Amino acid sequence: MLRERIRSVPMLVGVVLWIASLSLYLSTLAPTLTWGWDGKAVDGGELLAAANTLGIPHPPGYPTYTMLLKAFATLVPIGDFAYRGNLLSAILASSSVIAVYWVTLRFCRSLKPEAPAALATTGAALGSAIFATSPLFWSQAVVTEVYTLNALFAGALLVIAARLALPRQASLPPSIGRWLTLFGFLLGTGLGNHLTLLAVAVPLLIWLWSALGWRKLASPWMIAAFIVGISVYAYLPIRAAQDPPVNWGNAESLKGVAWMLTARPYQDYLFGVLPGTIPTRLVSWTELVFSQFNPLGLFFGLMAIGPLRSRAPNFFFPALGSIAVISVYTIFYNTVDFEVLMVPAFLFFSVWVGIGFFWIIATWVRDFADSLTVLWKSDLRIHTSHQVLVLGLLAFFLLPGMAVILNYGSQNLRNDRTAYEHAKGILDTTPDGSVLLSTDEKDVFSLWYMRHVEMPERDIAVIAVPLLQFNWYLNNIHQMYPDRIPAMNASGFPEALRRIVEHNDGGARVLFTFKSSAL
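What you are looking at is a predicted structure, and each value in this text was computed from that prediction instead of being measured. (Residues numbered from 1 in each chain as written. Predicted model: local features only at pLDDT ≥ 70, side-chain atom pairs only at ≥ 80, totals over all residues. Heavy atoms only, no water.)

### A short note on the pairing of strand β2 (residues 460–464)
- Among the five residues of β2, five are classified as buried, and the element is accordingly described as predominantly covered.
- Burial of β2 is two-sided: the residues Ile460, Val462 and Ala464 facing one way and the residues Ala461 and Ile463 facing the other way are all buried.
- Pairing analysis gives five bridges linking strand β1 (residues 434–438) to β2, with the strands arranged parallel. Opposite serine 438, over in β2, you have alanine 464 as the bridge partner.
- Considered for its hand, the β-α-β crossover made up of β1, helix α22 (residues 441–454) and β2 is right-handed. (Buried < 20%, exposed > 50% of the residue type's maximum accessible area, 1.4 Å probe, protein only. Helix = DSSP H or I, 4+ residues; strand = E, 2+ residues; numbered from the N terminus. Pairing = 2+ DSSP bridges. Right-handed = clockwise from strand over helix to strand, strands pointing away.)

Written out as structure tokens, the structure is:
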């Protein structure tokens, strides 16, 4: 039985998709530290430095990702530490593609079970291939970032929900409790990677509640598994108490944990877009959506609305709500890399694209069969196989094929060493025993990576000037470099810079990577 399943066409297609997507990502993978395409991976240096030292990156701390990256980089000693982080993203991304494939395949089979199995497989393969080659997701698959892991958690939760909630010929399997337990654990652990997973999980829970009822959904095993998963956040106070080099928020205290979990320094970014810039942001969001799917892909996705609304409304409306919530959150979140927050919404819509294509082709095959006489119906496969094959190949060429052709050059980072050389060049010209102050995220995070990962023997105090507004950071850097950073309380950047310069007058050299009138 297992051998037959492995050899089945859908299984083989899934394996081919995984290998193809991973090969695409590996061929464009950044070789070391990178800022990514269009600056979409600036946080990579900080995440790598935090993982290497088992520290705590920026809020909410990303404990799941930090520990996973540390474990992976330790077990897979290929290239430098940054390359291993990029490689982890490629593997997570290709695995997310397979999750999209299996979910789409199950939907196609459920929505129109009488359709030929090959059509369902083709639609599922198309939807997952579109997701794999969408420029935004592709850009995250070749750098060190948390978004491919977030996509994998979202895809895994969707796979479990589809297995339990979609109509099936037989009754629910006796292992329903195990699947709900796994759902709870993945949800808790996934929230330890990125809190926006809630925008996916809540609609799926609504779907499961409508299909299973609240008694089954409120399984004590599922709740217990969720608690076990979410307890990954215990990592924050445990590691914060040991004063790692990258240690945001002083999370060893209850106040520090709350500061981290509520992402206090980023709360002003939420709905922080000025009213006058909203039209521009809407245009940017629209261009982003079109660049991921192109008009043909959007057409296929919209064509899935009819069958989903009529045959799977308990999934369609929560999923639509999820896409809407993620879109509004993204549009009004005032950061330069706001686009990456759309990845879970694009995952949902990629499933719709595969369903829409399948529904169009399956409906055409049915109508064509109805138009045939009884004599000709016996040769239906002969009459339709060539047409379906041509349409399928055309769709693959126009959607994922064109995406690769048009975006390969911009997504190809295999020769990108700009961030690495930039940071290395700065530290190579900075003497030991000095203080190096930097204000730009590109500089700060890449210098943290170089200092704490590639050059741990160097005695250079790399200081992030924007963090000098927080007492926890002033305490941290004073404990790390008591001879160069004086004990002080937050009183503004100019005052903190003045105190540091005066403290080292006649002693350590104080260097800056920026110019400021405050100096």
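### Regarding empty space enclosed by the protein
- Scanning all chains against the criterion turns up one cavity of 30 Å³ or more.
- Counted as a void, the largest cavity has a volume near 140 Å³.
- Forming the boundary of the largest cavity are 14 residues, of which Pro245, Trp448, Tyr473, Ile477 and Met480 lie nearest the centre.
- Contributing elements (two or more residues each) for the lining of the largest cavity: α22 and α23 (471–480).
- Top element by residues in the lining of the largest cavity is α23. It accounts for five residues.
- When grouped by side-chain class, the residues that make up the lining of the largest cavity number 11 nonpolar, three polar and no charged. (1 Å grid on protein atoms, 1.4 Å probe; cavity = no way out; pocket = protein on both sides within 12 Å on 5 of 7 lines; lining within 4 Å. Points joined across faces, edges and corners; volume = space filled by probe spheres on them. Nonpolar A, V, L, I, M, F, W, Y, C, P; charged D, E, K, R; others polar.)

### Quick notes on the layout of surface pockets
- Of the volumes computed, that of the largest pocket is approximately 1,100 Å³.
- If you trace the largest pocket, you find 44 residues lining it, with His58, Tyr266, Tyr269, Tyr333 and Thr335 closest to the centre.
- Of the residues forming the lining of the largest pocket, the biggest block, four residues, is contributed by α22.

### Structural notes on the environment of leucine 157
- By the element assignment, leucine 157 lies in helix α8 (residues 147–165).
- Dropping the residues within four chain positions of it, leucine 157 is found in contact with Phe183, Leu186, Leu187, Leu197, Ala201 and Leu204. (Contact = heavy atoms within 4.5 Å.)

### Some remarks on the sheet that holds β2
- Ordered in space as β2-β1-β3, the three strands form an open sheet in which the pairing is parallel. In this open sheet, the two edge strands, each paired with only one partner strand, are β2 and β3 (510–512). The mean inter-strand angle of the sheet, taken between neighbouring strand axes irrespective of direction, is 25°.
- In the sheet, β1 pairs with β3 via three bridges, with the strands oriented parallel. Bridging across to β3, leucine 437 finds its partner in phenylalanine 512.
- Along the sheet, α22 contacts β1 and β2; its crossing angle with β2, the most-contacted strand, is approximately 155°. (Axes fitted to C-alpha atoms, helices over the stretch in contact; angles between N-to-C directions.)

### Some points on the packing of aromatic side chains
- Per the stated rule, a full pass over the model turns up 22 aromatic pairs.
- For the ring pair phenylalanine 293 and phenylalanine 346, a centre distance of 5.5 Å and an interplane angle of 80° mean the geometry is edge-to-face. Separated by 53 residues along the polypeptide, phenylalanine 293 in helix α15 (residues 278–303) and phenylalanine 346 in helix α18 (residues 343–370) bring together distant segments of the chain.
- The class of phenylalanine 293 is buried, set by a relative accessible area of 2%.
- Where phenylalanine 445 meets tryptophan 448, the ring centres are 5.6 Å apart and the plane angle is 45°; that geometry is what we call tilted. Here phenylalanine 445 and its partner tryptophan 448 are both found in helix α22, three residues apart, which amounts to about one turn of the helix.
- Through a chain of ring-to-ring contacts, the aromatic side chains of Phe293, Phe316, Phe317, Phe346, Phe349 and Trp352 assemble into a single cluster.
- Against the face of phenylalanine 338 rests arginine 281, its NZ or CZ located 3.9 Å from the ring centre. (Phe/Tyr/Trp six-rings, centres within 6.5 Å; stacked < 30°, edge-to-face > 60°. Lys NZ or Arg CZ within 6 Å of the ring centre and 35° of its normal.)

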